[in-house]
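# Commentary on secondary and tertiary structure
One-letter residues, chain by chain:
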Amino acid sequence: MITIAMPKGRIFEEAVELLRKAGYRLPPEFEESRKLIIDVSEEEMRFILAKPMDVVTYVEHGVADLGIAGKDVMLEEERDVYEILDLKISKCHLAVAGLPNGKVNGVAPRVATKYPNVASSYFREQGEQVEIIKLNGSIELAPLIGLADRIVDIVSTGRTLKENGLVELERIAEITSRLIVNPVSYRMKDAKIDEIIERLSLVIGDE
Ligand SMILES: Nc1ncnc2c1ncn2[C@@H]1O[C@H](COP(=O)(O)OP(=O)(O)OP(=O)(O)O)[C@@H](O)[C@H]1O
Ligand SMILES: O=P(O)(O)OC[C@H]1O[C@H](OP(=O)(O)OP(=O)(O)O)[C@H](O)[C@@H]1O
């Protein structure tokens, strides 16, 4: 039996579609129910449904063998898991954004973000001193209301920036979802995990 931690939210549908394309028979219950543990006994798989940021925690602690997590989550926190496959779904990028011609008051610009570690190391590498303000969502609000001078956030279509009068200033990293594995599981269940990697690899898009 292999336990897979799936991210609820926007990655979920694409991840389920990919697994089905790879030939795994996942029941309609997947999309329809509110259950958090779904056993698919004919595939010898158990799925647990977690918040995207928590998937890596379940895998690191070994209660899930595999998980699907955004590269953004992997970059933000160093964890004891292996990243074994780029699933090339949920494409987006991390960027610095702000108001056009935004002026900075004071020495260190204030940067609002859901990704404080990514933002700190990015600005450190740029040799720029900043003050990080951690938020949990609606990051684009911060420069509009005067909480921050800039933001570090996910950009996909660019619609949220545009509709809030913000512009992308610097591109930090390309993001897609990754298959991650617990190191002990990978040793103990290598045959089954390698088979999953192989089957997924055959159906992953080229871009
Ligand atoms: N606009 C986007 N387009 C494509 N992928 C995205 C976008 N925003 C986030 N992602 C990817 O999806 C993952 C999580 O998405 P989602 O928005 O479902 O969860 P969340 O915002 O972390 O959770 P919550 O909204 O419950 O706090 C991110 O880690 C990232 O990899
Ligand atoms: O470029 P776009 O296609 O507009 O997508 C980018 C937006 O999507 C994400 O927010 P989300 O919808 O997860 O809401 P949140 O503010 O609660 O994080 C991200 O934080 C941006 O705000």
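Everything that follows concerns the structure shown earlier in this document.
What comes next concerns the included structure. (Residues numbered from 1 in each chain as written. Chains lettered and ligands numbered in written order. Predicted model: local features only at pLDDT ≥ 70, side-chain atom pairs only at ≥ 80, totals over all residues.)

### Topic: helix 1 (residues 10-21)
Looking at helix 1, one finds that the buried residues are Ile 11, Ala 15, Leu 18 and Leu 19. One side of helix 1 holds all its buried residues, which, seen down the axis, span an arc of 95°. Those residues of helix 1 hidden inside the fold are in contact with strand 1 (2-7), strand 4 (66-70), strand 11 (177-181) and helix 9 (190-203). Backbone geometry just downstream of helix 1 places Gly 23 in the positive-phi region, at approximately 100°. (Buried ≥ 20, exposed ≤ 12 C-beta atoms within 10 Å, placed from the backbone. Helix = DSSP H or I, 4+ residues; strand = E, 2+ residues; numbered from the N terminus. Arc of directions from axis to C-beta. Contact = placed C-beta atoms within 7 Å.)

### Observations regarding the sheet that holds strand 11
Pairing is mixed in the open sheet, where six strands are placed in the order 2-3-1-4-11-5. What marks the edges here is a single partner per strand, and that holds for strand 2 (37-40) and strand 5 (82-86). Across the sheet, the axes of successive neighbouring strands diverge by a mean angle of 25°, strand direction being ignored. Set on the sheet, helix 1 makes contact with strand 1, strand 4 and strand 11; between it and strand 1 the angle comes to about 135°. Contacts from helix 9 reach strand 1, strand 4, strand 5 and strand 11, with the element oriented near 30° to strand 5. (Pairing = 2+ DSSP bridges. Axes fitted to C-alpha atoms, helices over the stretch in contact; angles between N-to-C directions.)

The quantities given are spatial measurements derived from coordinates; they are silent on function.
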